[in-house]
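Residue-level structural notes
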Amino acid sequence: MKNILVLGSGGQIGSELTVRLREVYGNANVVASDLDPNRLTAQIREAGPCYPCDATKAEQIAAIVKDHKIDTIYNLVAILSATAEKNPMLGWNVGMGALLNCLEVSKEYSAALFTPSSIGAFGLNTPLNGTPQDTIQRPRTIYGVTKVSGELLSDYYFERFGVDTRSVRFPGLISNVTPPGGGTTDYAVDIYYAAVRGEKFECPLAAGTLLDMMYMPDAIDAAIQIMEADPTKLIHRNSFNVTAMHFDPEAIYAEIRKHRPDFIMTYNPDSLKQKIADSWPNWMDDTAARAEWGFNPKFGLEQMTIDMLAKLTTKLL
Ligand code: NAD
Ligand code: AKB
């Protein structure tokens, strides 16, 4: 049995991961937290222990870890790509501050640590098709710089201090539970909300912009599976490429129109998001994750679209 602390339980990933971790490990064994406790759902607040916690303050993380005998931390604190680009100092201070504190606390209390990286850890001089596990990483966004720095720092703490750090490079994540927090790939969530509400959708990325994506249930499985993986099988640690599908705006639009033939999408590219998206992989090679810890996503674009439309229809209408 594990004792787990989730930092960022109010976010897109954290809200679903916290609930799922409690199903797997028990409500009392999974502590939820966020800088803003108002972001925590009633379900999360009522089912188990919850704390306000600013992850940029090491002592706040350490107090929870000590009190609850935490042995595993899921650090989901970051400022996503488009928002960070508007306030680079905030992106760096939050992303790196939270990670460095988690690493130090994990070292002191012998906790394992999961911190997601992203497709944002790659840049224009990375091979964009079939992006290899080990390749050039020279991103030009502050978000990407924090992700590459985080990968290096996490490997350093493993090699130098034996901290059990593990991570995946998530692609754009699509969920029907918590809206996304200011990233470049948010359009792939927003488009479903518009379709279900019967609204027109203005796409902030141009036609032909291919990006890697994953449905949230597969992302949650991956986060739990990698932390349960046999460490002797891990050749890599920070971070593994993982992906489930890749598509451009036309492909997701066409898939939605199979179910909502009246749905209309037009294009109005946002120059900041477009520049970021153009520098990210079209599709990554995730062979290492499949070979080293059995990553095996279940949802493609077709199945995800059926599920998203059904769940959002129940939620919104
Ligand atoms: P999010 O923006 O939805 O959630 C982040 C949460 O962190 C929010 O609830 C916010 O209140 C909280 N937070 C912010 N500053 C904090 C602080 N100082 N202390 C404590 N909490 C604080 O982000 P997300 O989409 O859930 O992403 C989680 C992680 O996964 C991030 O590292 C992100 O880079 C990574 N990731 C996400 C995606 C995606 O598509 N969602 C893709 C790749 C990687
Ligand atoms: C973003 O667009 O910033 C995130 C990510 C892919 O890291 N969704």
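Residues numbered from 1 in each chain as written. Chains lettered and ligands numbered in written order. Predicted model: local features only at pLDDT ≥ 70, side-chain atom pairs only at ≥ 80, totals over all residues. Heavy atoms only, no water.

Quick notes on the environment of R257
Just so we agree on the cut-off: To qualify as a helix, a DSSP run of H or I must reach at least 4 residues; to qualify as a strand, a run of E must reach at least 2; elements of each kind are numbered from the N terminus. In this analysis, two residues are considered to be in contact whenever any of their non-hydrogen atoms come within 4.5 Å of each other. Pairs of N or O atoms within 3.5 Å make up the polar contacts considered here, provided that, within protein, one atom can donate a hydrogen while the other can accept it, and that residues adjacent in sequence are counted only when both atoms are side-chain atoms.
Take R257: it is sitting in helix α9 (residues 249–259). Through-space distance from the C-alpha of R257 to that of A195 is 8.8 Å; in sequence the pair is 62 residues apart. For R257, the residues in contact, after removing those within four places along its chain, are D262, F263 and I264. Of note is the side chain of R257, whose polar atom sits 3.2 Å from the backbone oxygen of P261.

Considerations on the site of ligand 2
This is how it is decided: Nearness is defined per residue: one heavy atom within 4 Å of the molecule or strand is enough. Accessibility throughout is a Shrake-Rupley quantity obtained with a 1.4 Å probe, and a residue counts as covered only by protein chains that appear here. Amino acid classes used here: Ala, Val, Leu, Ile, Met, Phe, Trp, Tyr, Cys and Pro are nonpolar; Asp, Glu, Lys and Arg are charged; the rest, including Gly, are polar. Each domain span listed reflects an automatic or database assignment of domains.
Near ligand 2 you find L80, S81, S118, I119, Y143, G172, G183, T184, T185 and W280, and these make up its full shell. Contact between ligand 2 and Y143: an oxygen atom at 2.6 Å from a side-chain N or O atom of the residue. In this structure, T184 approaches ligand 2 through a main-chain N or O atom, which is 2.6 Å from an oxygen atom. In isolation ligand 2 exposes 250 Å². Once the protein is present, 92% of that is buried. Among the residues forming the shell around ligand 2, the class breakdown is four nonpolar, six polar and no charged. Each of domain 1 (4–170 + 216–241) and domain 2 (172–213 + 244–284 + 293–316) contributes no fewer than three residues to the shell around ligand 2.

Here's the deal with the domain arrangement of the protein
Defined as follows: Note on terms: buried area is the combined drop in 1.4 Å-probe accessible area of two parts once they are placed together, counting the loss on both. For this analysis, a salt bridge means a side-chain nitrogen from Lys or Arg found within 4 Å of a carboxyl oxygen belonging to Asp or Glu.
Segmentation of the protein into domains returns domain 1 (4–170 + 216–241) and domain 2 (172–213 + 244–284 + 293–316). At the interface, 38 residues of domain 1 touch 32 residues of domain 2. In total, domain 1 and domain 2 occlude about 2,900 Å² of area from one another, counting both sides; carbon and sulfur atoms represent 64% of this. Between domain 1 and domain 2 we count one salt bridge in total. Salt-bridge contacts for K298 lead to D221; the nearest nitrogen and oxygen are separated by 3.2 Å. Counting every contact that joins domain 1 to domain 2 gives 18 residue pairs in polar contact (both at pLDDT 80 or more). Counting only elements with at least two residues in the side of domain 1 that touches domain 2, the list comes to α1 (12–25), α4 (81–86), β7 (129–131), β9 (168–170), α8 (216–228) and β13 (240–241). By residue number, the principal contributor to the side of domain 1 that touches domain 2 is α8, which donates eight residues.

Details of the sheet that holds strand β3 (residues 50–52)
Strand pairing in a sheet takes place through backbone hydrogen bonds and is either antiparallel or parallel in direction. To keep it simple, the criterion reads: By the convention used here, strands pair only if DSSP detects at least 2 bridges between them. Lines fitted to C-alpha atoms define the axes here, with helix axes fitted over just the stretch in contact, and angles between the N-to-C directions of these axes take values from 0 to 180 degrees.
Ordered by their spatial adjacency, six strands build an open sheet running β3-β2-β1-β4-β5-β8, and the pairing between neighbours is parallel. Two strands close off the open sheet at either side, each with one partner strand: β3 and β8 (165–166). Where strand β5 (residues 112–114) and β8 come together, two bridges link them in parallel fashion. Residue pairing in the sheet places F114 in a bridge with R166 of β8. Of the strands in this sheet, β4 (72–75), β5 and β8 are in contact with α8, which crosses β5 at around 155°.

Concerning helix α6 (residues 142–161)
Where we set the bar: Take the residue count of a helix, subtract one, and multiply by 1.5 Å to get its expected span. Throughout, exposure labels follow a simple rule: accessible area from a 1.4 Å probe, protein chains only, divided by the maximum for the residue type, with under 20% read as buried, over 50% as exposed, and the rest as partly exposed.
An ideal rise of 1.5 Å per residue puts 28 Å on 20 residues; α6 measures up with 27 Å between its terminal C-alpha atoms. Along α6, the residues classified as buried are I142, Y143, G144, T146, K147, V148, G150, E151, S154 and Y157. On its buried face, α6 sits against α4, α5 (88–109), β6 (117–118), β8 and β9. Just downstream of α6, G162 is the residue with a positive phi angle, here 75°.

Section: the packing of α1 against α8
As a reminder of what qualifies: Small angles under 35 degrees read as roughly parallel and large ones over 145 as roughly antiparallel, with 65 to 115 read as roughly perpendicular and the rest as oblique. Take the far helix as your reference; a near helix turned counterclockwise from it by less than a right angle gives a left-handed crossing, and one turned clockwise gives a right-handed crossing.
Following both chains from N to C, one finds α1 and α8 inclined at 55°, their axes separated by 10 Å at the closest point. Taken together, the axes of α1 and α8 lie oblique to each other. Between α1 and α8 lies a crossing whose hand is right-handed. Facing α1, whose interface residues are Q12, I13, E16, L17, R20, L21, V24 and Y25, α8 presents M216, I220, D221, A223, I224 and E228. Of the residues assigned to the contact of α1 with α8, the class counts are nine nonpolar, one polar and four charged.

Remarks on the sheet that holds β13
Pairing within the open sheet is parallel, and its three strands lie in the order β6-β9-β13. The open sheet has two edge strands, β6 and β13, and neither has a second partner. With two bridges joining them, β9 and β13 adopt parallel strand pairing. Residue pairing in the sheet places R169 in a bridge with N241 of β13.

As for the side chain of N176
Inspection of the secondary structure puts N176 in the loop between β10 (172–174) and α7 (187–197). Residue N176 is classed as buried on the basis of its relative accessible area, which comes to 12%. At a separation of 2.8 Å, a polar atom in the side chain of N176 contacts the side chain of Y215. Beyond its immediate chain neighbours, meaning those up to four positions away, N176 contacts Y193, Y215, M308, K311, L312 and K315.

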